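# Understanding the architecture of this molecule
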Amino acid sequence: MKRKVTKAIFPVAGLGTRFLPATKSIPKEIMTLVDRPLIQYAIDEARAAGIKEFIFVTSRGKGALEDYFDHAPELESSLRKKGKKELLKTLKNTNMDSGAIAYIRQHKALGLGHAVWCARRLIANEPFAVILPDDVIAAEKPCLQQMTEAYAETGGCMVAAMEVPPEKAPSYGVLDVKEDMGSMVSVRGMVEKPAQDEAPSNLAVIGRYILTPQILQNLQKIKQGAGGEIQLTDAIAQEIEADRDVYGYRFRGQRFDCGSKAGYLQATVSFGLSRPELRGEFQGYLDEMAALRNAAE
Ligand code: UTP
C-alpha cells in the first residue's frame, strides 16, 4: 500500500447550528480568525503536508466557500495598479490550481462518516487525509505534516489524539489504548461520545485523520450510530475489529475548537496575539480589561 498521502477530504456540509444566526447565511468555515477564514488555515496545513488534491464535501448555502478559492480579476487588477504587492501575494494563497479542487454535495447532513463516504469515487484506492476545518491547530510543524511523516513509517489508519479532562470525554471519540509508544499509541478500540465513567482513556480524537480506502467500504455498510449520525469513528473501529492497525498520534501543538463559541473566541485572542503587527495594541487592551475587572472585584 502506498504511504504517500496526496488527497484530503474537507467535510464542510454540517449545519453549524452552534453559530446561528451567523451560519444562516455564512458557512462556518468562512468565519475569520483575525483576517483569514478558518478554511484558509486548513488549506495551508494540508499544503504543508504535501496534499495536492482538495475535496470539499459541501451542502446548500456553501457558495461563499466555493467563491473564496476563485480568482478575483477586478480586485487583483486594482491592487496591481496600486502596487500592493503584499496583498496580491496574500490573495494568491487563496487560489487553487484548476483541477486541484473538487466539490461533492452531501444532500442530507447524515453525519461526518456519511460526508466522507460521499467522496468515495474521488478517493478510489489510495490512503487519504480528512481535515475538519473547525479544529484549528497552532503548531510549529503543522499537525497533518507531523502525521504524514509518522504515517510513512506505520501505515494503517491514524487519528490525531489529544488529552482531555474526564468531564470533556463525552464530547469526543475516545481511544482505548493497546500500547503507548510516546507520540504514538496503538489502539484496541474507539468509543464515540462515551459517558464520563465509561471513557476508556483520556485520549480524545480531534479533526485530523489519515485513513485507508478500506474505511470507505466500511462506511458503505455502517448504520446510524451515536446521535443518529453515521459516525466515522465506527468505520475506524471496524478496522480494529478486523485486526488491522489503527494508531492515535499525540500531535505537538495547540488545538482550538472553533466549532464552539468559547473555542472560537480563544482562538481569536491567541491568533491575534501571535501577529506582530497587532500584538502591542491588542495585549494593551487585554491588560486594561483585566485591570478594570480586578478593580471592580
Ligand atoms: P460538527 O459536529 O461540528 O457539526 O461537525 P456542524 O453541523 O458543523 O456544527 P453544529 O454542531 O451544528 O454547530 C464536524 C465536521 O463534520 C462536518 C461539519 O461540516 C464539520 O466540519 N459534517 C458534519 C458534515 O460535513 N456533514 C455532516 O452531516 C455532519
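Everything below is about the structure shown above.
Residues numbered from 1 in each chain as written. Predicted model: local features only at pLDDT ≥ 70, side-chain atom pairs only at ≥ 80, totals over all residues. Heavy atoms only, no water.

## A short note on the nonpolar core
Cut-off, in case you're wondering: Residues belong to one nonpolar core when they are buried, are Ala, Val, Leu, Ile, Met, Phe, Trp, Tyr or Cys, and are joined through side-chain atoms within 4.5 Å. Only protein chains enter the accessibility calculation, which uses a 1.4 Å probe. A residue is then buried if its area is under 20% of the maximum for its type, exposed if over 50%, and partly exposed in between. Each helix is a run of DSSP H or I of at least 4 residues and each strand a run of E of at least 2, with the numbering of both proceeding from the N terminus. Here, two residues are considered to be in contact whenever any of their heavy atoms come within 4.5 Å of each other.
Among the nonpolar cores identified, the biggest contains 38 residues, and F10, F56 and M158 are the most heavily contacted of them. Those elements that provide at least two residues to this core are strand 1 (7-11), helix 1 (38-48), strand 4 (53-58), strand 6 (128-131), helix 7 (143-154), strand 8 (157-163), strand 11 (203-211) and strand 12 (246-250). The element contributing the most residues to this core is helix 7, with five residues. When near neighbours in sequence (up to four residues on either side) are disregarded, M158 contacts M147, A150, Y151, M184, R208, Y209, I210, Y247 and Y249. I9, W117, L203 and Y209 belong to the second largest nonpolar core, which has 34 residues in total.

## Regarding the pattern of salt bridges
Opposite charge on two side chains allows them to pair when their charged atoms are near. Stated formally: Whenever a carboxyl oxygen of Asp or Glu lies within 4 Å of a side-chain nitrogen of Lys or Arg, that contact is scored as a salt bridge.
This structure, assessed with the given rule, holds 14 salt bridges. Two residues, E29 and K62, come together in a salt bridge whose shortest N-O distance is 3.2 Å. Of this pair, E29 sits in the loop between strand 1 and strand 2 (32-33) while K62 is found in the loop between strand 4 and helix 2 (63-68), placing the two residues 33 residues apart along the sequence. The exposure class of E29 is buried, given its relative accessible area of 4%. In this structure, R255 engages D135 in a salt bridge whose closest nitrogen and oxygen atoms are separated by 2.8 Å. In this pair, R255 sits in strand 13 (residues 254-257) while D135 sits in strand 7 (residues 135-138), placing the two residues 120 residues apart along the sequence. Note on accessibility: R255 and D135 belong to one class, buried. Salt bridges sharing common partners tie together D35, R275 and E277.

## Some remarks on the pairing of strand 1
Heads up, the condition is: Pairing between two strands requires that DSSP report at least two bridges joining them.
For strand 1, the buried fraction is high: five of the five residues fall into the buried class. The alternating pattern of strand 1 places K7, I9 and P11 and A8 and F10 on opposite faces, both of which are buried. Strand direction decides the pairing type here: strand 1 and strand 4, joined by five bridges, are parallel. By the bridge assignment for strand 4, I9 is matched with I55. Bridge count between strand 1 and strand 6: two bridges; the pairing is parallel. In the strand pairing of strand 6, I9 is matched with V130.

## A look at the packing of helix 3 (residues 73-81) against helix 4 (residues 85-92)
Here is the rule we go by: With axes taken as lines fitted to C-alpha atoms, and helix axes fitted only over the stretch in contact, angles between N-to-C directions fall between 0 and 180 degrees. Angle categories are assigned with fixed cut-offs, so that under 35 degrees is roughly parallel, over 145 is roughly antiparallel, 65 to 115 is roughly perpendicular, and the rest are oblique. Less than a right angle of anticlockwise turn of the near helix away from the far helix marks a crossing as left-handed, whereas a clockwise turn marks it as right-handed.
For the pair helix 3 and helix 4, the least separation of the axes is 8 Å and the interaxial angle reads 155°. Classified by the interaxial angle, the pair formed by helix 3 and helix 4 is roughly antiparallel. As helix 3 runs across helix 4, the sense of the crossing is left-handed. On the side of helix 3, the interface is formed by L75, E76, L79 and R80, while helix 4 contributes L87, L88 and L91.

## Section: the packing of aromatic side chains
Definition in use: Here the aromatic set is Phe, Tyr and Trp, taking the six-membered ring for Trp, and pairing holds for ring centres within 6.5 Å; pairs whose planes are under 30 degrees apart are stacked, those over 60 apart are edge-to-face, and all others are tilted.
The full count for this structure, using the stated rule, is eight aromatic pairs. Ring centres of F19 and Y264 lie 5.6 Å apart, and the angle between their planes is 80°; on these two criteria the pair is classed as edge-to-face. With F19 in the loop between strand 1 and strand 2 and Y264 in helix 10 (residues 261-273), this residue pair connects regions lying 245 residues apart in the sequence. Judged by relative accessible area, Y264 falls into the buried class, the value being 15%. Judged by centre distance (5.7 Å) and plane angle (35°), the rings of F56 and Y103 are tilted. Of this pair, F56 sits in strand 4 while Y103 is found in strand 5 (residues 101-105), placing the two residues 47 residues apart along the sequence. Through a chain of ring-to-ring contacts, the aromatic side chains of F10, F54, F56, Y68, F69 and Y103 assemble into a single cluster.

## Side note on the environment of E53
Residue placement: E53 occurs in strand 4. When neighbours within four sequence positions are excluded, E53 is seen to be in contact with T6, K7, A8 and A100.

## As for the site of the ligand
Our working rule: Residues are counted as near a molecule or strand when any one of their heavy atoms sits within 4 Å of it. Counting of polar contacts relies on pairs of N or O atoms within 3.5 Å, with two restrictions inside protein: one atom must be capable of donating a hydrogen and the other of accepting it, and residues adjacent in sequence are counted only when both atoms are side-chain atoms. Surface accessibility in these figures is a Shrake-Rupley result with a 1.4 Å probe; residues are shielded only by whichever protein chains are displayed. Three classes are used: nonpolar for Ala, Val, Leu, Ile, Met, Phe, Trp, Tyr, Cys and Pro, charged for Asp, Glu, Lys and Arg, and polar for all others, with Gly counted as polar.
Near the ligand, the surroundings consist of 17 residues, among which L15, T17, K28, Q106 and G111 are the closest. At 3.0 Å from an oxygen atom of the ligand is found a main-chain nitrogen or oxygen belonging to G16. One nitrogen or oxygen atom from the side chain of T17 is found 2.6 Å from an oxygen atom belonging to the ligand. Relative to its unbound accessible area of 570 Å², the ligand is 83% covered by the protein chains. Here the residues of the shell around the ligand are counted per class, giving eight nonpolar, five polar and four charged.

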